[in-house]
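Close look at the chain arrangement
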2 protein chains.
Amino acid sequence: MAGNGQEGGRNLLLTLRFDGSAFHGSAVQKNAPTVQGALQQALQQVFGEATDVKCASRTDAGVHARAFCVSFHTKSAIPCERLIEALNAYLPPEAAVYDCREVPPDFHARYSCLGKRYRYRILNSRIRDPFLLSTAFRIPYRLDWEIMDKAARAFLGTHDFSAFCSAGGSVQDRRRTIFLSRVWREGEQILFETGGDGFLYNMVRIITGTLIEIGAGKRMPESIPQALQAGDRSLAGFTAPAAGLCLEQVYYEVPARL
Amino acid sequence: MAGNGQEGGRNLLLTLRFDGSAFHGSAVQKNAPTVQGALQQALQQVFGEATDVKCASRTDAGVHARAFCVSFHTKSAIPCERLIEALNAYLPPEAAVYDCREVPPDFHARYSCLGKRYRYRILNSRIRDPFLLSTAFRIPYRLDWEIMDKAARAFLGTHDFSAFCSAGGSVQDRRRTIFLSRVWREGEQILFETGGDGFLYNMVRIITGTLIEIGAGKRMPESIPQALQAGDRSLAGFTAPAAGLCLEQVYYEVPARL
């Protein structure tokens with residue numbers, strides 16, 4: 001028996017959407033529904049054998065994705081279009097595969113990833129919106145989104161983000177390059193979008209929490225460069241809750257979406 | 001004891017948003033969560049006495065609302081802004097009051113209503129969207145929204161809508177005037193919006209089902225004037241499911257929203 005799932009066959013890249021409120025995060029766990037777990041079960045049903053899936057990222061419980069990428073080797077010859085249909089028949093309704101493509105044998109959803117783009121949705125309203133309960137974080141007091149947008153530019157470029165990550169990560173090098181960091185308003189919603197070559201544990205949620213404190217006038221915009229410089233988590237803001245966060249895109253040299 | 005809730009005090013008009021997937025419709029029922037039931041319970045908590053609430057419309061289980069209007073008389077002097085907060089503290093998260101205003105004593109949410117506007121959301125995609133499971137109806141085959149939009153104009157004006165209502169209504173006069181009826185596309189979504197002075201039981205859902213059959217090429221646009229003329233339900237299309245439907249606005253002489 002030579003096959004270990006890495007040799008021969010095809011290497012496939014899947015892109016999924018999921019509502020994070022239905023899962024205990026993306027990475028597989030015992031006794032809790034996870035995106036990776038649900039996908040591996042669906043692959044087991046379709047292929048009739050266990051498949052080792054590599055995920056582009058780990059997302060926390062409650063975090064959503066419009067483009068969650070995974071790759072795996074398979075000896076199955078099922079065409080991509082049919083595989084999408086078959087997997088969606090077995091996946092829970094809160095997750096769906098919408099793209100499948102063959103990639104080179106050495107492609108790896110995590111190691112081949114060039115960057116990611118996230119969006120954080122704030123509902124800036126005194127009154128809750130029943131349609132945004134699990135996809136936005138509500139702030140009942142007024143936020144100045146223009147000050148938040150100006151402050152967000154301080155994250156652009158290459159910095160050590162030690163001040164903007166939670167303990168628990170085993171990462172040594174905490175320098176990351178951010179190429180997109182902006183805030184805008186759509187009606188009662190304030191949106192923050194950021195793109196970078198990589199993100200540390202809770203990094204987008206801590207950046208968002210810091211921007212919210214700035215928008216509320218509780219913190220000065222200058223505190224961002226100061227926190228980046230000092231590398232001290234206590235100089236950054238609170239960790240905004242998972243529900244507002246959505247992984248929007250994963251960048252590869254081979255585009256994950258046409 | 002002279003007070004029956006109709007005399008003295010104030011007459012208040014509330015506007016609510018609710019996610020219909022959390023309720024068995026709007027009208028109060030025993031042993032099932034309804035919007036009216038939840039609101040009457042919240043009013044009981046806030047006022048300390050039962051309050052008779054008049055609803056602008058009855059919505060079926062699964063139908064949503066961005067502007068559901070109710071009126072009631074109360075002797076309570078709680079200011080409108082505080083009443084909104086108090087009611088939202090007692091309502092389930094899937095419903096929220098966002099407007100409260102005093103109206104003349106003879107105002108009645110149902111009898112004073114001049115018309116309503118509804119929107120129906122179709123997801124025209126082979127693949128489900130986990131974020132639209134309860135707020136859109138998915139059609140996996142291609143719909144021609146431009147033909148649907150042209151066909152939708154046949155509903156404009158005053159017609160007898162007997163062919164476009166379900167059995168069970170006790171209404172005698174089935175003439176209604178439609179002043180808005182259009183279809184457009186937003187990405188993978190096709191939206192139908194209609195406004196009129198009144199709608200019969202399941203009328204918007206049957207109109208939508210008829211338009212979907214036209215967009216799929218299964219029915220000719222001319223079948224709409226034919227069905228209107230004949231007043232025969234069997235000449236119209238299927239009843240599109242509740243989940244795609246949302247009550248967007250209720251029209252009064254006193255505007256329900258500022």
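For the structure given in this document, a descriptive report is provided here. (Residues numbered from 1 in each chain as written. Chains lettered and ligands numbered in written order. Predicted model: local features only at pLDDT ≥ 70, side-chain atom pairs only at ≥ 80, totals over all residues. Heavy atoms only, no water.)

A tally of regular secondary structure across chain A gives five helices and ten strands. Here chain A has a C-alpha radius of gyration of 19 Å; the compact-globule value for 258 residues is 18 Å, and the two agree. Within chain A, the fraction of its 258 residues that count as buried is 55%. Excluding contacts between residues fewer than 6 apart, the proportion of contacts in chain A whose partners are at least 24 apart in sequence is 71%. (Helix = DSSP H or I, 4+ residues; strand = E, 2+ residues; numbered from the N terminus. Rg over C-alpha atoms; globule rule 2.2 N^0.38 Å. Buried < 20%, exposed > 50% of the residue type's maximum accessible area, 1.4 Å probe, protein only. Contact = heavy atoms within 4.5 Å.)

Residue and element names in this part refer to chain B. Counting buried positions along strand β10 (residues 245–251) gives five out of seven residues, so the element sits mostly inside the fold. Pairing geometry for strand β3 (residues 64–74) and β10, over two bridges, is parallel. Residue pairing for β10: A65 is matched across the bridge by L247. (Pairing = 2+ DSSP bridges.)

This brings us to helix α3 (residues 145–152) of chain B. Residues and elements named next belong to chain B. Along α3, the residues classified as buried are M148, D149, A151 and A152. Along the axis of α3, the buried positions cluster into a sector of 165 degrees, meaning they face one direction only. Residues E146 and K150 are exposed on α3 and point more than 90 degrees away from its buried face. Backbone nitrogen of E146 and a side-chain oxygen of the N-cap are separated by 3.1 Å at the start of α3; the cap is D144. (Arc of directions from axis to C-beta. Polar contact = N/O pair within 3.5 Å; in protein donor to acceptor, adjacent residues only side chain to side chain.)

Attention now goes to the interface of chain A and chain B. On the chain B side, the residues contacting the 27 residues of chain A number 27 residues. Between the two partners, chain A and chain B, sit six salt bridges. A salt bridge links B:E85 to A:R126; the nearest nitrogen and oxygen atoms lie 3.5 Å apart. Inspection of the region where chain A meets chain B yields twelve residue pairs in polar contact (both at pLDDT 80 or more). By residue class, the composition of the side of chain A that touches chain B is 14 nonpolar, three polar and ten charged. (Salt bridge = Lys/Arg side-chain N within 4 Å of Asp/Glu carboxyl O. Nonpolar A, V, L, I, M, F, W, Y, C, P; charged D, E, K, R; others polar.)

So, about the pattern of salt bridges. All names here are of chain B. This model, assessed by the stated rule, comprises 22 salt bridges over all chains. A salt bridge links R101 to D99; its shortest N-O distance comes to 2.9 Å. For the salt bridge of D149 with R153, the shortest nitrogen-to-oxygen distance reads 3.6 Å. On the basis of relative accessibility, which here comes to 47%, the residue R153 falls in the partly exposed class.

The next subject is the state of the cysteines. Evaluation of the coordinates by the stated rule reveals zero disulfides over all chains. Between A:C69, a cysteine without a disulfide, and A:C113, which holds the nearest cysteine sulfur, the sulfur-to-sulfur distance is 8.0 Å. (Disulfide = S-S within 2.5 Å.)

Let us look at unusual backbone geometry. Residue and element names in this part refer to chain A. Positive phi, close to 65 degrees, is recorded for N202, a residue that is not glycine. Relative to the assigned elements, N202 resides in the loop between β9 (189–196) and α4 (203–215). Its relative accessible area of 13% is what places N202 among the buried residues.

To continue, consider the relation of the copies chain A and chain B. Mapping chain A onto chain B calls for a screw motion: a turn of 180 degrees about the axis and a shift of 0.0 Å along it, with 0.0 Å RMSD after fitting. Put plainly, the chains are arranged around a two-fold axis. Among all residues of chain A, the one whose C-alpha sits closest to the rotation axis is A:F131, at a distance of 5.1 Å. (Least-squares fit on C-alpha atoms with pLDDT ≥ 70 in both.)

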